[in-house]
Amino acid sequence: MLSRIFFACVFLGLFCACSSLSCRWMDHKFRQYSENALNVLDMMANNGTNSTEDGEQTHEAFPYHLYSQASKASAEGKLSFTVHILREVSALFEEDHSSSSWQEITVEHFLNVVNKQADELHSCVKSHSHMKKRNTKLHLYFKRLSNEILKQMGHSAESWELIRREIKVHLIRADRLVSSLLTSN
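None of these values were measured; they are calculated from a predicted model.

Student: For this particular structure, what's the right way to read the overall build of the protein chain?
Tutor: Across its full length, the protein chain carries nine helices and zero strands. Along the chain direction, N to C, the helices and strands of the protein chain fall in the order α-α-α-α-α-α-α-α-α. By the burial criterion, 44% of the 185 residues in the protein chain qualify as buried.

This is the structure:
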């Protein structure tokens, strides 16, 4: 009888530890890393004359509908979507940013924070089948940001400022998506 209770407790403990909603990193560190990424992006803001700040917008429509779909997904679906966003952001910032006003160490720090978030959230997803499916629309959106903003504008400081501001909105939305899981516990 005692051994059955022990095994039931072990099973329950393992089940809870593997649940995407009880991911310790997500519960304890995600907010800290999310705030850090947003703070670094703010530090990267172009301090010179900022012609993009007063109203010039990116040429690509922000994919609100994808976030709306993700907000209705399961916990694993939300985490998977967030990981995809973080991976796309990382890939975008790996491009040639030498014309930007950013220090290399700042970009590296930003990439480290974003990649750490992506890796840790990825480990929170129980079923990695969610991770195998790539969100094609999200990928194409980020590809258009790369092609139609960065490349067409010659990876200029202005194009990177547009991208920085666009990415900040993505990180805020991703933070809200994951935070909805934290507040629902």
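Student: I keep staring at the packing of helix 5 (residues 75-93) against helix 8 (residues 136-151) and nothing clicks. Help me out?
Tutor: When two helices pack together, their arrangement is given by the angle between the helix axes and the distance between those axes. Packing of helix 5 against helix 8 brings their axes to within 10 Å, and their N-to-C directions diverge by 20°. When the interaxial angle is binned, helix 5 and helix 8 end up roughly parallel. Note that helix 5 runs across helix 8; the crossing there is right-handed. Across from F81, H84, I85, E88, V89 and L92 in helix 5, the residues of helix 8 making contact are L138, H139, F142, L145, S146 and L150.

Student: I tried to follow the state of the cysteines on my own but got confused; where do I start?
Tutor: Covalent bonding between the sulfur atoms of two cysteines defines a disulfide. Summed over the entire model, instances satisfying the criterion amount to one disulfide. Across the disulfide, C23 is cross-linked to C124 (sulfur-sulfur distance 1.8 Å). Judged by the sign of its S-S torsion, about -45°, the bond between C23 and C124 is left-handed. Of this pair, C23 sits in the loop between helix 1 (2-18) and helix 2 (24-28) while C124 sits in helix 6 (residues 104-124), placing them 101 residues apart in sequence. Overall, C23 belongs to the buried group, its relative accessible area being 11%. Assessed through its relative accessible area of 3%, C124 is described here as buried.

Student: How should unusual backbone geometry be read in this particular structure?
Tutor: At H155, a position not held by glycine, the phi torsion is positive, near 55°. Mapped onto the fold, H155 is located in the loop between helix 8 and helix 9 (157-183). Here H155 falls in the buried class, since its relative accessible area comes to 13%.

Student: Before we go on, may I ask you to explain the nonpolar core in this structure?
Tutor: Buried together is how nonpolar side chains tend to be arranged in soluble globular proteins. One finds M26, F93, F110, L121, I163 and I167 to be the most contacted residues of the largest nonpolar core, which totals 47 residues. Going through the elements one at a time, helix 2, helix 3 (30-43), helix 4 (64-71), helix 5, helix 6, helix 8 and helix 9 are the ones with two or more residues in this core. Excluding residues within four positions of it along the chain, I167 makes contact with L41, V89, L92, F93, F110 and F142.

What counts and what doesn't
Residues numbered from 1 in each chain as written. Predicted model: local features only at pLDDT ≥ 70, side-chain atom pairs only at ≥ 80, totals over all residues. Heavy atoms only, no water. Helix = DSSP H or I, 4+ residues; strand = E, 2+ residues; numbered from the N terminus. Buried < 20%, exposed > 50% of the residue type's maximum accessible area, 1.4 Å probe, protein only. Axes fitted to C-alpha atoms, helices over the stretch in contact; angles between N-to-C directions. Parallel < 35°, antiparallel > 145°, perpendicular 65-115°, else oblique. Left-handed = near helix turned anticlockwise from the far one by under 90°. Contact = heavy atoms within 4.5 Å. Disulfide = S-S within 2.5 Å. Core = buried A, V, L, I, M, F, W, Y, C linked by side-chain atoms within 4.5 Å.

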